[in-house]
Amino acid sequence: MKPVKRVYKHWLPGKLGASAVTIGHTIYFSMTECFVPDWLHRHENTHIKQINELGVWRFYTQYLLEYLIGRFKGLGHWDAYARISFEIEAVKAEGRSK
């Protein structure tokens, strides 16, 4: 298992409209380390777990395929994103009450 790298105060998440983005075994956060909430660490660590289980190529292929299926069904960006199985699992791992 590859070690996880965390990069704080990075520009990439902001460009994607996110607070954090996981690419391979690196998590990019839009804020400094002291401002990253625990739930966001749990969310992104879930993606790392998923990548470790499936492998990078398979994870991103399935992730993109699920997103595109949602878009082809007429869903908007955020609705298609929210229905990706990996995101559903990561949101559950956040442990936040709704």
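Values in this document were obtained by computation on a predicted structure and should not be read as measured data. (Residues numbered from 1 in each chain as written. Predicted model: local features only at pLDDT ≥ 70, side-chain atom pairs only at ≥ 80, totals over all residues. Heavy atoms only, no water.)

Trainee: Would you explain the packing of aromatic side chains in this entry?
Mentor: Aromatic ring pairs are reported here in terms of the distance separating the ring centres and the angle at which the planes meet. Here the structure, examined in full by the defined rule, presents 6 aromatic pairs. Taken together, a centroid distance of 5.6 Å and an interplanar angle of 45° make the contact between Phe-59 and Tyr-63 tilted. Residue Phe-59 and its partner Tyr-63 are both found in helix α3 (residues 56–72); the two are separated by 4 residues, about one turn of the helix. Across the pair, Tyr-63 and Phe-59 agree in class, each one buried. Centroid distance Trp-78 to Tyr-81: 5.5 Å. Interplanar angle 90°. Geometry classified as edge-to-face. In this pair, Trp-78 and Tyr-81 are both assigned in helix α4 (residues 77–82), 3 residues apart and thus about one turn of the helix distant. Residue classification places Trp-78 among the partly exposed residues on the basis of a relative accessible area of 49%. The exposure class of Tyr-81 is partly exposed, given its relative accessible area of 26%. (Phe/Tyr/Trp six-rings, centres within 6.5 Å; stacked < 30°, edge-to-face > 60°. Helix = DSSP H or I, 4+ residues; strand = E, 2+ residues; numbered from the N terminus. Buried < 20%, exposed > 50% of the residue type's maximum accessible area, 1.4 Å probe, protein only.)

Trainee: Explain the packing of α3 against helix α5 (residues 85–94) to me, please; I cannot follow it from the model alone.
Mentor: How two helices sit against one another is set out by the angle between their axes and by the gap between those axes. In the contact formed by α3 and α5, the axes pass within 8 Å of each other and the chain directions differ by 100°. Considering the angle they form, α3 stands roughly perpendicular to α5. Here α3 contributes Phe-59, Gln-62, Tyr-63 and Glu-66 to the contact with α5, which in turn contributes Ser-85, Phe-86 and Glu-87. Broken down by class, the residue content of the contact of α3 with α5 amounts to 3 nonpolar, 2 polar and 2 charged. (Axes fitted to C-alpha atoms, helices over the stretch in contact; angles between N-to-C directions. Parallel < 35°, antiparallel > 145°, perpendicular 65-115°, else oblique. Contact = heavy atoms within 4.5 Å. Nonpolar A, V, L, I, M, F, W, Y, C, P; charged D, E, K, R; others polar.)

Trainee: Looking at this model, I keep getting lost on α3. Mind explaining?
Mentor: Residues separated by three or four positions in an α-helix point in the same direction, a consequence of the helix having 3.6 residues per turn. Compared with the 24 Å implied by 1.5 Å per residue over 17 residues, the 24 Å span of α3 between its first and last C-alpha is a close match. Buried residues along α3 sit against α2 (38–54), α4 and α5. Looking one or two residues beyond α3, the residue adopting positive phi is Gly-74, at roughly 95°. (Expected span 1.5 Å × (residues − 1).)

Trainee: Any chance you could explain the pattern of salt bridges here in plain terms?
Mentor: Opposite charge on two side chains permits pairing when their charged atoms draw close. Following the criterion strictly, the structure yields 4 salt bridges and no others. One salt bridge connects Glu-53 with Lys-49, and the closest N-O pair in it is separated by 3.5 Å. Of this pair, Glu-53 and Lys-49 both sit in helix α2, 4 residues apart, which is roughly one turn of that helix. Where Arg-96 meets Glu-94, a salt bridge forms, and the shortest distance between an N and an O atom there is 3.0 Å. Take Glu-94: its relative accessible area is 4%, and that puts it in the buried class. (Salt bridge = Lys/Arg side-chain N within 4 Å of Asp/Glu carboxyl O.)

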